[in-house]
Amino acid sequence: GDTDVFTADQMRVALALATPAKVHTGTVADYDDDNLLRRAVLNIARRRSPRREPAWCRVMDAFGLGSTYSHQLCRRFGIDPETGKDIEPAPLDK
């Protein structure tokens, strides 16, 4: 039988039409919670510490978490908990 074959351009157009546009409000509501959390963790973990403490310590202090959760939060967003350098983000455990 006949099957419909679509070009890549046709598929992109169809996807764009099927995906609702993001309405920017000019407020913090433009960012979902995961994006805001990611930004906070990255900014905190990458800051230089005068005491040369590991990135997970800065995250722990900022979020009021223990060491285990602070390590996990760093890894979740692709930050090495010790050095603060970029690593492959860890999958979330559910």
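Computed from a predicted model, the values in this text were never measured in an experiment.

Looking at the overall build of the protein
Move 1: Secondary structure summary: the protein contains 4 helices and 0 strands in total.
Move 2: In sequence order, the protein lays out its α and β elements as α-α-α-α.
Move 3: Split into buried and exposed, the 94 residues of the protein put 23% on the buried side.
Move 4: Here the analysis covers contacts within the protein between residues at least 6 apart in sequence; of these, 33% occur between residues at least 24 apart.

Some remarks on the packing of helix H2 (residues 33-46) against helix H4 (residues 67-76)
Packed helices, taken two at a time, are described by the angle their axes make and the gap between the axes.
Move 1: Two numbers describe how H2 lies on H4: the axes approach to 10 Å, and their chain directions differ by 105 degrees. With respect to their mutual orientation, H2 and H4 come out roughly perpendicular. In this structure, H2 uses Asp34, Leu37 and Val41 to contact H4, whose residues at the interface are Leu73, Cys74 and Arg76.
Move 2: Residues that form the contact of H2 with H4 fall into these classes: 4 nonpolar, no polar and 2 charged.

Notes on unusual backbone geometry
Move 1: Phi at Arg52 takes a positive value of approximately 55 degrees, unusual for a residue other than glycine.
Move 2: Secondary-structure assignment places Arg52 in the loop between H2 and helix H3 (55-63).

Considering H3
Move 1: Buried within H3 are the following residues: Ala55, Trp56, Cys57, Arg58 and Val59.
Move 2: Count one or two residues on from H3 and you reach Gly64, which has phi positive near 65 degrees.

Each value, and the rule that gives it
Residues numbered from 1 in each chain as written. Predicted model: local features only at pLDDT ≥ 70, side-chain atom pairs only at ≥ 80, totals over all residues. Heavy atoms only, no water. Helix = DSSP H or I, 4+ residues; strand = E, 2+ residues; numbered from the N terminus. Buried < 20%, exposed > 50% of the residue type's maximum accessible area, 1.4 Å probe, protein only. Contact = heavy atoms within 4.5 Å. Axes fitted to C-alpha atoms, helices over the stretch in contact; angles between N-to-C directions. Parallel < 35°, antiparallel > 145°, perpendicular 65-115°, else oblique. Nonpolar A, V, L, I, M, F, W, Y, C, P; charged D, E, K, R; others polar.

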